[in-house]
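# Chain and residue survey
The residues making up each chain are set out below.
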Amino acid sequence: MKGKTALVTGGAGYIGSHCVRYLRRAGWDTVTLDDLSLGHAKSVEGTDLVVGDIGDPATLDSIFSTRKIDAVLHFAALSKVGESVEKPGLYYSHNIGKGLVLLDAMARHGVGKLVFSSTCAVYGAPGVAPIPDTCAMHPINPYGYSKMVFERMMFDIGRERGISSIALRYFNAAGADVEGAIGEDHSPETHLIPLAIDAALGLRPALVIYGTDYPTPDGTCIRDYIHVEDLIDAHIRALDYLDGGGAPVSVNLGVGRGHSVREVVDMVSEVTGVKTPVTIGPRRPGDPPELVASAESASRLLGGWKPAHDLKSIVRTAHRWRAANPAGYAGQGG
(Lines give C-alpha, C1' and ligand atoms only; values in the text may rest on other atoms or scores of the structure.)
Protein backbone atom coordinates (compact mmCIF):
# COMPACT_ATOMS: atom_id res chain seq x y z
CA MET A 1 0.00 0.00 0.00
CA LYS A 2 2.94 2.30 -0.66
CA GLY A 3 1.80 5.89 -1.04
CA LYS A 4 -1.51 5.43 0.76
CA THR A 5 -2.39 7.07 4.06
CA ALA A 6 -4.72 5.84 6.79
CA LEU A 7 -6.26 7.92 9.55
CA VAL A 8 -6.30 5.87 12.77
CA THR A 9 -8.69 7.33 15.33
CA GLY A 10 -7.81 6.33 18.87
CA GLY A 11 -4.46 5.28 17.43
CA ALA A 12 -2.50 5.93 20.63
CA GLY A 13 -4.60 3.40 22.51
CA TYR A 14 -3.85 -0.27 23.04
CA ILE A 15 -5.23 -1.79 19.84
CA GLY A 16 -4.90 1.40 17.80
CA SER A 17 -1.16 1.74 18.48
CA HIS A 18 -0.57 -1.84 17.36
CA CYS A 19 -2.53 -1.00 14.22
CA VAL A 20 -0.35 2.05 13.52
CA ARG A 21 2.78 -0.04 13.97
CA TYR A 22 1.68 -2.81 11.62
CA LEU A 23 0.15 -0.52 9.01
CA ARG A 24 3.50 1.19 8.68
CA ARG A 25 5.21 -2.17 8.32
CA ALA A 26 2.74 -2.98 5.55
CA GLY A 27 3.73 0.18 3.65
CA TRP A 28 0.97 2.55 4.73
CA ASP A 29 1.57 6.09 5.95
CA THR A 30 -0.48 6.86 9.05
CA VAL A 31 -2.06 9.80 10.83
CA THR A 32 -3.12 9.15 14.40
CA LEU A 33 -5.95 11.17 15.96
CA ASP A 34 -6.17 10.74 19.74
CA ASP A 35 -7.06 13.02 22.63
CA LEU A 36 -4.64 11.06 24.88
CA SER A 37 -7.26 10.70 27.61
CA LEU A 38 -6.75 6.93 27.42
CA GLY A 39 -3.90 6.53 24.92
CA HIS A 40 -0.17 7.15 25.19
CA ALA A 41 1.86 9.37 22.88
CA LYS A 42 4.87 7.15 23.58
CA SER A 43 3.15 4.21 21.86
CA VAL A 44 3.13 6.06 18.51
CA GLU A 45 6.36 7.98 18.94
CA GLY A 46 7.94 9.03 15.66
CA THR A 47 4.66 8.97 13.73
CA ASP A 48 2.21 11.69 12.68
CA LEU A 49 0.12 12.27 15.84
CA VAL A 50 -2.68 14.82 16.02
CA VAL A 51 -3.86 15.43 19.58
CA GLY A 52 -7.55 16.19 19.33
CA ASP A 53 -11.14 15.04 19.67
CA ILE A 54 -12.91 12.97 16.99
CA GLY A 55 -16.07 14.88 17.88
CA ASP A 56 -14.54 18.20 16.79
CA PRO A 57 -15.40 18.95 13.14
CA ALA A 58 -12.64 21.57 12.86
CA THR A 59 -9.97 19.04 13.87
CA LEU A 60 -11.27 16.52 11.35
CA ASP A 61 -11.53 19.15 8.62
CA SER A 62 -7.92 20.15 9.26
CA ILE A 63 -6.70 16.55 8.97
CA PHE A 64 -8.69 15.75 5.84
CA SER A 65 -7.86 19.01 4.10
CA THR A 66 -4.10 18.94 4.76
CA ARG A 67 -3.46 15.24 4.10
CA LYS A 68 -4.74 12.85 1.44
CA ILE A 69 -6.47 10.24 3.58
CA ASP A 70 -7.35 7.05 1.71
CA ALA A 71 -9.04 5.13 4.55
CA VAL A 72 -10.06 5.49 8.18
CA LEU A 73 -9.63 2.87 10.89
CA HIS A 74 -11.89 3.88 13.75
CA PHE A 75 -10.82 2.74 17.24
CA ALA A 76 -11.71 5.84 19.26
CA ALA A 77 -14.40 4.75 21.70
CA LEU A 78 -15.18 4.23 25.35
CA SER A 79 -15.16 0.49 26.03
CA LYS A 80 -15.71 -0.41 29.69
CA VAL A 81 -18.87 -2.48 30.13
CA GLY A 82 -19.37 -1.64 33.81
CA GLU A 83 -18.80 2.07 33.26
CA SER A 84 -21.30 2.05 30.42
CA VAL A 85 -23.94 0.68 32.79
CA GLU A 86 -23.17 3.44 35.30
CA LYS A 87 -22.83 6.25 32.74
CA PRO A 88 -24.90 5.35 29.66
CA GLY A 89 -25.21 8.94 28.47
CA LEU A 90 -21.44 9.26 28.29
CA TYR A 91 -21.23 6.18 26.08
CA TYR A 92 -24.03 7.23 23.76
CA SER A 93 -22.65 10.74 23.32
CA HIS A 94 -19.10 9.53 22.69
CA ASN A 95 -19.50 6.30 20.74
CA ILE A 96 -22.55 7.36 18.74
CA GLY A 97 -22.56 11.17 18.74
CA LYS A 98 -18.87 11.66 18.00
CA GLY A 99 -18.93 8.79 15.56
CA LEU A 100 -21.60 10.61 13.60
CA VAL A 101 -19.31 13.66 13.38
CA LEU A 102 -16.56 11.42 11.96
CA LEU A 103 -18.86 9.93 9.33
CA ASP A 104 -20.03 13.38 8.26
CA ALA A 105 -16.46 14.65 7.93
CA MET A 106 -15.44 11.60 5.89
CA ALA A 107 -18.36 12.13 3.53
CA ARG A 108 -17.69 15.84 3.12
CA HIS A 109 -14.05 15.21 2.25
CA GLY A 110 -14.66 12.23 -0.02
CA VAL A 111 -12.95 9.60 2.15
CA GLY A 112 -14.73 6.42 1.14
CA LYS A 113 -13.28 3.54 3.17
CA LEU A 114 -13.86 2.77 6.85
CA VAL A 115 -12.78 -0.14 9.07
CA PHE A 116 -14.67 -0.04 12.36
CA SER A 117 -13.56 -1.52 15.67
CA SER A 118 -16.75 -3.23 16.84
CA THR A 119 -17.37 -5.84 19.53
CA CYS A 120 -19.02 -9.13 20.38
CA ALA A 121 -20.95 -7.14 23.02
CA VAL A 122 -23.45 -6.37 20.24
CA TYR A 123 -24.80 -9.92 20.67
CA GLY A 124 -25.57 -9.66 24.37
CA ALA A 125 -25.94 -13.14 25.84
CA PRO A 126 -27.11 -15.21 22.85
CA GLY A 127 -26.79 -18.57 24.59
CA VAL A 128 -25.01 -20.22 21.65
CA ALA A 129 -21.35 -21.07 21.18
CA PRO A 130 -19.67 -20.41 18.90
CA ILE A 131 -21.58 -17.25 17.92
CA PRO A 132 -22.00 -16.73 14.16
CA ASP A 133 -21.81 -13.17 12.83
CA THR A 134 -25.36 -13.67 11.54
CA CYS A 135 -26.61 -14.03 15.11
CA ALA A 136 -29.30 -11.56 16.17
CA MET A 137 -27.98 -8.58 18.11
CA HIS A 138 -29.47 -8.06 21.57
CA PRO A 139 -26.87 -6.10 23.57
CA ILE A 140 -27.33 -6.13 27.34
CA ASN A 141 -25.26 -3.05 28.19
CA PRO A 142 -24.94 0.48 26.77
CA TYR A 143 -21.43 -0.21 25.47
CA GLY A 144 -22.68 -3.01 23.23
CA TYR A 145 -25.71 -0.99 22.18
CA SER A 146 -23.56 2.01 21.22
CA LYS A 147 -21.43 -0.18 18.98
CA MET A 148 -24.48 -1.78 17.39
CA VAL A 149 -25.94 1.64 16.60
CA PHE A 150 -22.70 2.87 15.05
CA GLU A 151 -22.55 -0.19 12.81
CA ARG A 152 -26.04 0.61 11.55
CA MET A 153 -25.21 4.31 11.15
CA MET A 154 -22.08 3.68 9.11
CA PHE A 155 -23.88 1.28 6.77
CA ASP A 156 -26.90 3.56 6.28
CA ILE A 157 -24.93 6.79 5.96
CA GLY A 158 -22.30 5.05 3.88
CA ARG A 159 -24.93 3.92 1.38
CA GLU A 160 -26.23 7.49 1.17
CA ARG A 161 -22.89 9.28 1.06
CA GLY A 162 -20.44 6.89 -0.57
CA ILE A 163 -18.55 5.30 2.32
CA SER A 164 -17.73 1.59 2.02
CA SER A 165 -17.21 -0.01 5.41
CA ILE A 166 -16.57 -3.17 7.38
CA ALA A 167 -17.20 -3.77 11.08
CA LEU A 168 -14.82 -6.12 12.86
CA ARG A 169 -16.49 -7.54 15.96
CA TYR A 170 -13.73 -8.32 18.43
CA PHE A 171 -13.99 -10.91 21.07
CA ASN A 172 -11.37 -10.42 23.85
CA ALA A 173 -8.27 -8.67 22.55
CA ALA A 174 -5.13 -9.45 24.56
CA GLY A 175 -1.37 -9.84 24.35
CA ALA A 176 1.36 -7.48 23.20
CA ASP A 177 3.68 -6.80 20.29
CA VAL A 178 5.85 -9.91 19.91
CA GLU A 179 8.97 -7.72 19.75
CA GLY A 180 8.06 -6.16 23.09
CA ALA A 181 7.98 -2.58 21.80
CA ILE A 182 4.41 -1.75 22.86
CA GLY A 183 1.80 -3.34 25.11
CA GLU A 184 -1.38 -2.93 27.10
CA ASP A 185 -1.44 -0.12 29.67
CA HIS A 186 -4.84 1.20 30.72
CA SER A 187 -5.53 3.42 33.71
CA PRO A 188 -7.44 2.00 35.39
CA GLU A 189 -6.86 -1.46 33.97
CA THR A 190 -10.01 -3.56 33.59
CA HIS A 191 -8.89 -6.47 31.38
CA LEU A 192 -8.37 -9.89 32.88
CA ILE A 193 -4.98 -10.91 31.49
CA PRO A 194 -3.02 -7.76 32.43
CA LEU A 195 -4.74 -7.69 35.82
CA ALA A 196 -3.76 -11.31 36.47
CA ILE A 197 -0.18 -10.67 35.32
CA ASP A 198 0.09 -7.64 37.59
CA ALA A 199 -1.16 -9.70 40.52
CA ALA A 200 1.42 -12.41 39.76
CA LEU A 201 4.19 -9.80 39.51
CA GLY A 202 3.15 -8.16 42.79
CA LEU A 203 2.24 -4.91 41.03
CA ARG A 204 -1.30 -4.96 42.47
CA PRO A 205 -3.24 -6.87 45.12
CA ALA A 206 -4.89 -10.19 44.38
CA LEU A 207 -6.93 -10.52 41.22
CA VAL A 208 -10.67 -10.35 41.85
CA ILE A 209 -12.71 -13.05 40.08
CA TYR A 210 -16.15 -11.57 39.59
CA GLY A 211 -18.62 -14.41 39.96
CA THR A 212 -18.08 -18.13 40.35
CA ASP A 213 -21.71 -19.22 39.93
CA TYR A 214 -22.15 -18.85 36.16
CA PRO A 215 -23.59 -21.81 34.20
CA THR A 216 -20.12 -22.86 32.96
CA PRO A 217 -17.97 -25.90 33.84
CA ASP A 218 -16.00 -24.12 36.58
CA GLY A 219 -18.53 -21.38 37.38
CA THR A 220 -16.50 -18.51 35.89
CA CYS A 221 -17.12 -16.58 32.68
CA ILE A 222 -15.79 -17.99 29.41
CA ARG A 223 -14.31 -15.72 26.76
CA ASP A 224 -12.58 -16.07 23.40
CA TYR A 225 -9.13 -14.44 23.71
CA ILE A 226 -7.50 -13.22 20.50
CA HIS A 227 -4.00 -11.82 20.19
CA VAL A 228 -3.82 -8.15 19.26
CA GLU A 229 -1.49 -8.93 16.34
CA ASP A 230 -4.04 -11.36 14.90
CA LEU A 231 -6.65 -8.61 15.20
CA ILE A 232 -4.46 -6.13 13.35
CA ASP A 233 -3.68 -8.64 10.62
CA ALA A 234 -7.44 -8.78 10.03
CA HIS A 235 -7.64 -4.97 9.86
CA ILE A 236 -4.99 -4.78 7.16
CA ARG A 237 -6.77 -7.53 5.25
CA ALA A 238 -10.02 -5.59 5.71
CA LEU A 239 -8.45 -2.62 3.92
CA ASP A 240 -7.58 -4.94 1.04
CA TYR A 241 -11.17 -6.21 1.09
CA LEU A 242 -12.54 -2.68 0.75
CA ASP A 243 -9.97 -1.81 -1.94
CA GLY A 244 -11.24 -4.81 -3.87
CA GLY A 245 -14.80 -3.48 -3.81
CA GLY A 246 -16.03 -5.63 -0.94
CA ALA A 247 -19.62 -5.01 0.17
CA PRO A 248 -20.38 -3.52 3.61
CA VAL A 249 -20.34 -6.32 6.16
CA SER A 250 -19.82 -7.19 9.84
CA VAL A 251 -17.59 -10.13 10.78
CA ASN A 252 -16.39 -11.73 14.01
CA LEU A 253 -12.73 -11.81 15.04
CA GLY A 254 -11.94 -14.59 17.49
CA VAL A 255 -10.12 -17.91 17.67
CA GLY A 256 -13.23 -20.06 18.08
CA ARG A 257 -12.27 -21.46 21.47
CA GLY A 258 -13.19 -20.14 24.89
CA HIS A 259 -11.23 -20.10 28.15
CA SER A 260 -12.71 -19.55 31.58
CA VAL A 261 -11.40 -16.96 34.01
CA ARG A 262 -9.90 -19.73 36.12
CA GLU A 263 -8.18 -21.22 33.07
CA VAL A 264 -6.64 -17.83 32.26
CA VAL A 265 -5.43 -17.45 35.83
CA ASP A 266 -3.85 -20.90 35.67
CA MET A 267 -2.09 -19.98 32.41
CA VAL A 268 -0.73 -16.78 33.95
CA SER A 269 0.61 -18.82 36.86
CA GLU A 270 2.25 -21.26 34.44
CA VAL A 271 3.88 -18.56 32.30
CA THR A 272 5.07 -16.37 35.17
CA GLY A 273 6.07 -19.24 37.46
CA VAL A 274 4.13 -17.57 40.27
CA LYS A 275 0.81 -18.75 41.68
CA THR A 276 -1.51 -15.86 40.90
CA PRO A 277 -3.26 -14.61 44.06
CA VAL A 278 -7.04 -14.33 43.68
CA THR A 279 -10.08 -13.33 45.69
CA ILE A 280 -13.73 -13.93 44.85
CA GLY A 281 -16.18 -11.09 44.24
CA PRO A 282 -19.80 -10.82 43.13
CA ARG A 283 -20.92 -10.90 39.51
CA ARG A 284 -20.67 -7.64 37.57
CA PRO A 285 -23.78 -6.32 35.85
CA GLY A 286 -23.76 -6.83 32.10
CA ASP A 287 -21.39 -9.83 31.98
CA PRO A 288 -22.69 -12.73 29.80
CA PRO A 289 -21.62 -16.22 30.93
CA GLU A 290 -19.97 -17.22 27.64
CA LEU A 291 -18.83 -15.48 24.45
CA VAL A 292 -16.99 -17.53 21.83
CA ALA A 293 -16.66 -16.61 18.16
CA SER A 294 -17.34 -18.29 14.90
CA ALA A 295 -14.95 -16.47 12.57
CA GLU A 296 -15.66 -18.37 9.37
CA SER A 297 -16.79 -15.22 7.54
CA ALA A 298 -13.57 -13.39 8.41
CA SER A 299 -11.51 -16.26 7.05
CA ARG A 300 -13.54 -16.39 3.86
CA LEU A 301 -13.71 -12.66 3.18
CA LEU A 302 -10.31 -11.55 4.47
CA GLY A 303 -7.98 -13.62 2.34
CA GLY A 304 -7.91 -16.74 4.48
CA TRP A 305 -7.27 -14.87 7.74
CA LYS A 306 -6.57 -17.19 10.65
CA PRO A 307 -5.32 -16.43 14.18
CA ALA A 308 -1.73 -17.54 14.74
CA HIS A 309 -1.55 -17.20 18.55
CA ASP A 310 -2.99 -19.40 21.30
CA LEU A 311 -3.65 -18.46 24.94
CA LYS A 312 -0.12 -19.29 26.06
CA SER A 313 1.37 -17.06 23.35
CA ILE A 314 -1.00 -14.26 24.34
CA VAL A 315 0.00 -14.46 27.99
CA ARG A 316 3.71 -14.80 27.19
CA THR A 317 3.79 -11.64 25.08
CA ALA A 318 1.71 -9.69 27.61
CA HIS A 319 3.95 -10.85 30.46
CA ARG A 320 7.15 -10.03 28.57
CA TRP A 321 6.03 -6.44 27.96
CA ARG A 322 4.72 -5.87 31.48
CA ALA A 323 7.76 -7.38 33.18
CA ALA A 324 9.96 -5.02 31.16
CA ASN A 325 7.63 -2.04 31.81
CA PRO A 326 6.26 -2.37 35.35
CA ALA A 327 5.39 1.34 35.40
CA GLY A 328 3.80 1.17 31.96
CA TYR A 329 4.33 4.01 29.52
CA ALA A 330 4.81 6.46 32.38
CA GLY A 331 8.01 4.59 33.22
CA GLN A 332 9.20 5.12 29.64
CA GLY A 333 8.91 8.87 30.00
CA GLY A 334 5.72 9.19 28.00
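See the structure shown above.
Residues numbered from 1 in each chain as written. Predicted model: local features only at pLDDT ≥ 70, side-chain atom pairs only at ≥ 80, totals over all residues. Heavy atoms only, no water.

## Comments concerning the sheet that holds strand β12 (residues 259-260)
Spatial ordering of the open sheet is given by β12-β9-β14, a layout of 3 strands whose pairing is mixed. Every other strand in the sheet has two partners, leaving β12 and β14 (290-291) as the edge strands with one partner each. Summarising the sheet, strand β9 (residues 222-223) and β12 pair through 2 bridges and their orientation is antiparallel. Within β12, the residue paired with arginine 223 across the bridge is histidine 259. (Pairing = 2+ DSSP bridges. Helix = DSSP H or I, 4+ residues; strand = E, 2+ residues; numbered from the N terminus.)

## Describing the nonpolar core
Ranked by internal contacts, the top residues of the largest apolar core, which has 35 residues, are Ile15, Leu23, Leu73, Ile166, Leu168, Leu253 and Leu302. If you list the elements that add at least two residues to this core, you get β1 (5-9), α1 (14-25), β4 (71-74), β6 (164-170), α7 (228-243) and β11 (249-253). Ranked by the residues each element gives to this core, the list is headed by α7, at 9 residues. Setting aside residues up to four positions removed in sequence, leucine 73 forms contacts with Ala6, Leu7, Val8, Thr9, Cys19, Leu23, Val115, His235 and Leu239. Within the second largest apolar cluster, 26 residues are counted, among which are Ile63, Ala76, Met106 and Phe116. (Core = buried A, V, L, I, M, F, W, Y, C linked by side-chain atoms within 4.5 Å. Buried < 20%, exposed > 50% of the residue type's maximum accessible area, 1.4 Å probe, protein only. Contact = heavy atoms within 4.5 Å.)

## Some thoughts on unusual backbone geometry
Residue proline 130 is reached from alanine 129 by a cis peptide bond, and omega for that bond is 0°. Relative to the assigned elements, proline 130 resides in the loop between β5 (113-119) and α5 (142-161). Residue serine 187 is joined to proline 188 through a cis peptide bond whose omega torsion reads 0°. The residue proline 188 is located in the loop between β7 (172-174) and α6 (192-201) in this model. Located in the positive-phi region is leucine 36, a residue other than glycine, with phi close to 65°. Mapped onto the elements of the fold, leucine 36 is located in the loop between β2 (29-34) and β3 (48-51). By relative accessible area, which is 29% here, leucine 36 ends up partly exposed.

## What to know about the layout of surface pockets
Within this model, the second largest pocket holds a volume of roughly 160 Å³. In terms of lining, the second largest pocket is formed by Ser17, Val20, Arg21, Arg24, Lys42, Ser43, Val44, Glu45, Thr47, Ala181, Ile182 and Gln332. Of the residues contributing to the lining of the second largest pocket, the split by class is 4 nonpolar, 4 polar and 4 charged. (1 Å grid on protein atoms, 1.4 Å probe; cavity = no way out; pocket = protein on both sides within 12 Å on 5 of 7 lines; lining within 4 Å. Points joined across faces, edges and corners; volume = space filled by probe spheres on them. Nonpolar A, V, L, I, M, F, W, Y, C, P; charged D, E, K, R; others polar.)

## Remarks on the packing of aromatic side chains
Inspection of the entire model under this criterion finds 3 aromatic pairs. Considering the side-chain rings of tyrosine 92 and tyrosine 145, the 6.1 Å spacing of their centres and the 80° angle between planes classify their relative orientation as edge-to-face. One end of the pair, tyrosine 92, is in helix α4 (residues 88-108); the other, tyrosine 145, is in helix α5, with 53 residues separating them in the sequence. A relative accessible area of 38% places tyrosine 145 in the partly exposed class. (Phe/Tyr/Trp six-rings, centres within 6.5 Å; stacked < 30°, edge-to-face > 60°.)

## Some thoughts on the pattern of salt bridges
Evaluated as defined, the whole model comprises 21 salt bridges. Residues glutamate 45 and lysine 42 are paired through a salt bridge, measuring 3.5 Å at the closest nitrogen-oxygen approach. Judged by relative accessible area, lysine 42 falls into the partly exposed class, the value being 26%. Linking aspartate 48 and arginine 67 is a salt bridge whose minimum nitrogen-to-oxygen distance equals 2.9 Å. With a gap of 19 residues between them, aspartate 48 in strand β3 and arginine 67 in the loop between α2 (57-66) and β4 connect regions that are remote in the sequence. Here aspartate 48 falls in the partly exposed class, since its relative accessible area comes to 29%. When its relative accessible area of 26% is taken as the criterion, arginine 67 is described as partly exposed. (Salt bridge = Lys/Arg side-chain N within 4 Å of Asp/Glu carboxyl O.)

## Here we look at the sheet that holds β11
The strand order β3-β2-β1-β4-β5-β6-β11 describes an open sheet built from 7 strands, whose pairing is parallel. The sheet is open, and its two borders are formed by β3 and β11, each paired with just one other strand. Shown here is a sheet whose adjacent strand axes are inclined to one another by a mean of 20°, direction ignored. (Axes fitted to C-alpha atoms, helices over the stretch in contact; angles between N-to-C directions.)

## Considering empty space enclosed by the protein
Per the counting criterion, the structure on display carries 3 cavities of 30 Å³ or more. Its volume calculated, the largest cavity comes out at about 70 Å³. If you tally residues by element for the lining of the largest cavity, the top one is α6, at 4 residues. Here the second largest cavity is characterised by a volume of approximately 40 Å³. Around the second largest cavity sit Ala12, Gly13, Tyr14, Ser17, Leu38, His40, Ser43, Gly183, Asp185, His186 and Tyr329, which together line it. Here the lining of the second largest cavity is built from residues that sort into 4 nonpolar, 6 polar and 1 charged.

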